Amino acid sequence: MQKIIKNRIPIHVDLAPNRNEVYSGICLKSNNNIFVFINFNDDSKEYDGFAIIRNFEIQKYREWDDNELSEIKNNNYTNFIGKLPLEKMNNFFKCLLILENEELITVFTETDDDSYYVGRIENISENEVELKLINENAEWIENEKIKINAISYIGFGTCYEKALLDKRVLDNPNN
């Protein structure tokens, strides 16, 4: 894995049998606790934000083949290099501390692979994070407390979060 990280080789990460999910992108850091990577957006065919998943869920990964590499429309991964303090990101709690100032994050939990929370971090402790949620209309709604050990995925800086923020600014210029 260290060669893949050093050479910034795009990979597919398969979470089966734990989850029916395959993530794609460039790994920036991998340790016993977390796997931090630059997301690859299959729709836009370019790199799009970051994600963090629990490393113990990764059962296998593979490098992209030449055909998959040729599908990249905008090889913009360098826009994401050096943006994160990777040396401080060693587990989900420490990652969430770093993301406290992020405007929006997306969180999936282990109990439901199909639904997720989008919001900003309001409070954090070693065991729990509290998010101020935002809905699909970019309206702030209730808070949600989530056990950190129940989180399976954290995404941020993607086109999805950016679109919600843009909608919020357009709809509520003073808020």
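Only a predicted model underlies this, so the values are computations on that prediction, with no experimental measurement involved.

Chemist: Even after reading the chapter, I still don't get the overall build of the chain, so can you show me in this structure?
Modeler: For the chain, the helix and strand inventory stands at four helices and ten strands. Seen in sequence order, the chain has helices and strands lined up from the N terminus as α-β-β-β-β-β-α-α-β-β-β-β-β-α. For the chain, the C-alpha atoms occupy an extent of roughly 45 × 35 × 30 Å along the three principal directions. Taken across its 175 residues, the chain has 45% of its residues classed as buried. Residue pairs in contact within the chain that sit at least 24 positions apart in sequence constitute 56% of those at least 6 positions apart. Only carbon and sulfur atoms are counted for the fraction: they give 43% of the accessible area of the chain, which is about 9,700 Å². Charged side chains of the chain number 20 positive and 31 negative; the gap between the two group centres comes to 6 Å.

Chemist: Can you help me understand the pairing of strand S3 (residues 34-41) in this one?
Modeler: In the case of a regular strand, side chains alternate between the two sheet surfaces. Of all eight residues in S3, eight are buried, a share of seventy percent or more. Both strand S2 (residues 22-30) and S3 contribute to a ladder of five bridges, which runs antiparallel. Opposite Lys29, over in S3, you have Val36 as the bridge partner. The turn joining S2 and S3, which pair antiparallel and follow one another in sequence, is formed by three residues. Pairing geometry for S3 and strand S4 (residues 46-54), over seven bridges, is antiparallel. The residue bridging Val36 from the neighbouring strand is Ile52, located in S4. Adjacent in sequence and paired antiparallel, S3 and S4 are bridged by four residues, among which Lys45 carries a positive phi angle near 60°.

Chemist: Could you clarify how one ought to interpret the environment of Glu136 in this entry?
Modeler: Within the fold, Glu136 resides in the loop between strand S8 (128-134) and strand S9 (140-147). Contact partners of Glu136, with chain neighbours within four places excluded, come to Leu164 and Lys167.

Chemist: It is not clear to me how the nonpolar core should be interpreted in this structure. Could you clarify?
Modeler: Proteins that are soluble and globular tend to have nonpolar side chains buried together. Judged by nonpolar contacts, the single largest core of 30 residues is most densely connected at Ile52, Ile105 and Ile154. If you list the elements that add at least two residues to this core, you get S2, S3, S4, helix H3 (92-98), strand S6 (105-109), S8 and strand S10 (151-156). Excluding its chain neighbours within four sequence positions, the residues that come into contact with Ile154 are Phe50, Ala51, Ile52, Phe92, Leu96, Leu99, Ile105 and Thr106. Among the nonpolar cores identified, the runner-up in size contains 15 residues, and Leu15, Tyr23, Ile53 and Tyr153 belong to it.

Chemist: What should I look at first to understand the packing of aromatic side chains in this one?
Modeler: For any pair of aromatic rings, the description consists of the separation of the ring centres together with the inter-plane angle of the planes. In the structure shown here, the tally under the stated rule is eleven aromatic pairs. Judged by centre distance (6.1 Å) and plane angle (40°), the ring pair of Tyr23 and Phe37 falls under tilted. Taken together, the residues Tyr23 in strand S2 and Phe37 in strand S3 connect sequence positions 14 residues apart. For the pair Tyr23 and Phe37, one class covers both residues: buried.

Chemist: Help me out: how do you make sense of the pattern of salt bridges in this one?
Modeler: Pairing is possible between side chains that carry opposite charge, provided their charged atoms lie close to one another. Enumeration according to the criterion identifies eight salt bridges in this entry. Arg54 is paired through a salt bridge with Glu110; the nearest N and O atoms lie 2.9 Å apart. Of this pair, Arg54 sits in strand S4 while Glu110 sits in the loop between S6 and strand S7 (112-124), and the two are 56 residues apart along the sequence. Arg54 gets classed as buried once you look at its relative accessible area, which sits at 8%. In this structure, Lys147 and Glu128 form a salt bridge, with 3.6 Å as the shortest nitrogen-oxygen distance. Within this pair, whereas Lys147 is found in strand S9, its partner Glu128 is found in strand S8, the two being separated by 19 residues in sequence. On the basis of relative accessible area, Lys147 is assigned to the partly exposed category, the value being 46%.

Calculation notes
Residues numbered from 1 in each chain as written. Predicted model: local features only at pLDDT ≥ 70, side-chain atom pairs only at ≥ 80, totals over all residues. Heavy atoms only, no water. Helix = DSSP H or I, 4+ residues; strand = E, 2+ residues; numbered from the N terminus. Buried < 20%, exposed > 50% of the residue type's maximum accessible area, 1.4 Å probe, protein only. Contact = heavy atoms within 4.5 Å. Areas by Shrake-Rupley, 256 points an atom, 1.4 Å probe, with all protein chains shown as cover. Lys, Arg positive; Asp, Glu negative; His and termini not counted. Charge placed at Lys NZ, Arg CZ, Asp CG, Glu CD. Pairing = 2+ DSSP bridges. Core = buried A, V, L, I, M, F, W, Y, C linked by side-chain atoms within 4.5 Å. Phe/Tyr/Trp six-rings, centres within 6.5 Å; stacked < 30°, edge-to-face > 60°. Salt bridge = Lys/Arg side-chain N within 4 Å of Asp/Glu carboxyl O.

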